[in-house]
Amino acid sequence: LQERGEWERTVLVVVADHGEAFYEHGHPTHGTQLFEEQVRSLFMARIPGEEPRVVDEPVALLDLAPSLLDSLGLPPHGNFQGRPDIFDDDYSARGRPFHFTIQGMTDEDGVLLDDWKYIVNWRTGGRQLYHVASDPYEMDDLADVEAQRAERLERMLNDFLTRQLSYYTQRGWETDHYAER
């Protein structure tokens, strides 16, 4: 790209869609649980004209496309649900819920809000709550001790799931009919 004179006008993005477990919670590989080792992933972007920096707060892959368009001065696409601000110098994840899901080996949904992560396993009925700032390896389930917080996060999660189902139903996507480009 440098030899062809295109490096200074090329956006380069490296991203992974999931993390990888190495028996941290009794399972190898990915797609088995919603613990941090499986939901955290690599995300790097080089945007011409932008200074390099590290963002230590969570970002969602859902935000990648709208943020790239915004940083390039292009209008948002109507079907994007993500936020366009992850490249902003003052980006903050505080107060923003991050939702994640897994169906397959297990049937789980979860939400991360600030330093608290809540996971529901719909097959077993299990609910887990972790304070990831003080327990980054998610070893101390606080769902019983912090019952009110767990209930609040479950309401938030259920609200999100309801809105997502509505989003797809309104567009007819549940029958594999996708919106026009």
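Note that this is a predicted model, so its numbers are computed, not measured.

1. A closer look at the confidence of the model for the protein
Of all residues in the protein, 88% attain a pLDDT of 70 or more, and the chain-wide mean is 85. Element-level mean pLDDT values for the protein span from 66 in strand 2 (residues 21-22) up to 97 in strand 8 (residues 127-131).

2. Thoughts on the pairing of strand 5 (residues 97-103)
As a general feature of sheets, a regular strand has side chains that alternate between the two faces. Of the two faces of strand 5, only one is covered, namely that formed by F98, F100 and I102; the face formed by P97, H99, T101 and Q103 stays uncovered. The antiparallel hairpin formed by strand 5 and strand 6 (residues 107-113) contains three residues in its connecting segment, where G104 sits at a positive phi of about 145°.

3. Examining helix 2 (residues 64-71)
For helix 2, the full list of buried residues reads L64, P66, S67 and L68. At the exit of helix 2 stands G73, carrying a positive phi of roughly 75°.

4. Some thoughts on the environment of R53
Along the chain, the position of R53 falls in the loop between strand 4 (43-46) and helix 2. Judged by its relative accessible area of 38%, R53 falls in the partly exposed class. Taking the C-alpha atoms as reference points, R53 and F87, separated by 34 residues in sequence, lie 9.5 Å from one another. One polar contact links the side chain of R53 to the main-chain carbonyl oxygen of I86, over a distance of 3.5 Å. Of note is the side chain of R53, whose polar atom sits 2.8 Å from the backbone oxygen of F87.

5. A few points about a nonpolar patch on the surface
A cluster of nonpolar side chains, namely L12, V14, L42 and M44, defines an oily patch on the protein surface of about 330 Å² accessible area. Checked against the element boundaries, L12 lands in strand 1 (residues 12-15). Owing to a relative accessible area of 41%, L12 belongs among the partly exposed residues under this scheme.

6. Comments concerning the pairing of strand 7 (residues 116-121)
For strand 7, a buried count of six out of six residues is recorded, marking the element as mostly surrounded by other parts of the structure. Here strand 7 shows no split at all, with W116, Y118 and V120 on one side and K117, I119 and N121 on the other all buried. Relative to strand 7, strand 6 is paired through six bridges, and the arrangement is antiparallel. Residue pairing for strand 7: L113 is matched across the bridge by W116. Counted between consecutive antiparallel strands, the loop separating strand 6 from strand 7 contains two residues, among which D114 sits at a positive phi close to 55°. With five bridges joining them, strand 7 and strand 8 adopt antiparallel strand pairing.

7. Notes on unusual backbone geometry
Even without being a glycine, D114 presents a positive backbone phi close to 55°. By the secondary structure assignment, D114 is in the loop between strand 6 and strand 7. Its identity as a non-glycine residue notwithstanding, E138 has a phi of 50°, on the positive side. Here E138 is to be found in the loop between strand 8 and helix 3 (147-171).

8. Considerations on the side chain of D109
Among the secondary structure elements, D109 is positioned in strand 6. Within the structure, D109 has its side chain in polar contact with the side chain of T101 (distance 2.6 Å). A distance of 2.6 Å separates polar atoms of two side chains, one belonging to D109 and the other to W122. Each residue touching D109, except ones within four places of it in the same chain, is listed here: L34, F100, T101, Q103, Y118, I119, V120, W122, L157 and L161.

Rules and cut-offs
- Residues numbered from 1 in each chain as written.
- Predicted model: local features only at pLDDT ≥ 70, side-chain atom pairs only at ≥ 80, totals over all residues.
- Heavy atoms only, no water.
- pLDDT = per-residue confidence, 0-100.
- Helix = DSSP H or I, 4+ residues; strand = E, 2+ residues; numbered from the N terminus.
- Buried < 20%, exposed > 50% of the residue type's maximum accessible area, 1.4 Å probe, protein only.
- Pairing = 2+ DSSP bridges.
- Polar contact = N/O pair within 3.5 Å; in protein donor to acceptor, adjacent residues only side chain to side chain.
- Patch = residues over 30% accessible without salt bridge, like charges linked within 9 Å, V, L, I, M, F, W, Y side chains within 5 Å.
- Areas by Shrake-Rupley, 256 points an atom, 1.4 Å probe, with all protein chains shown as cover.
- Salt bridge = Lys/Arg side-chain N within 4 Å of Asp/Glu carboxyl O.
- Contact = heavy atoms within 4.5 Å.

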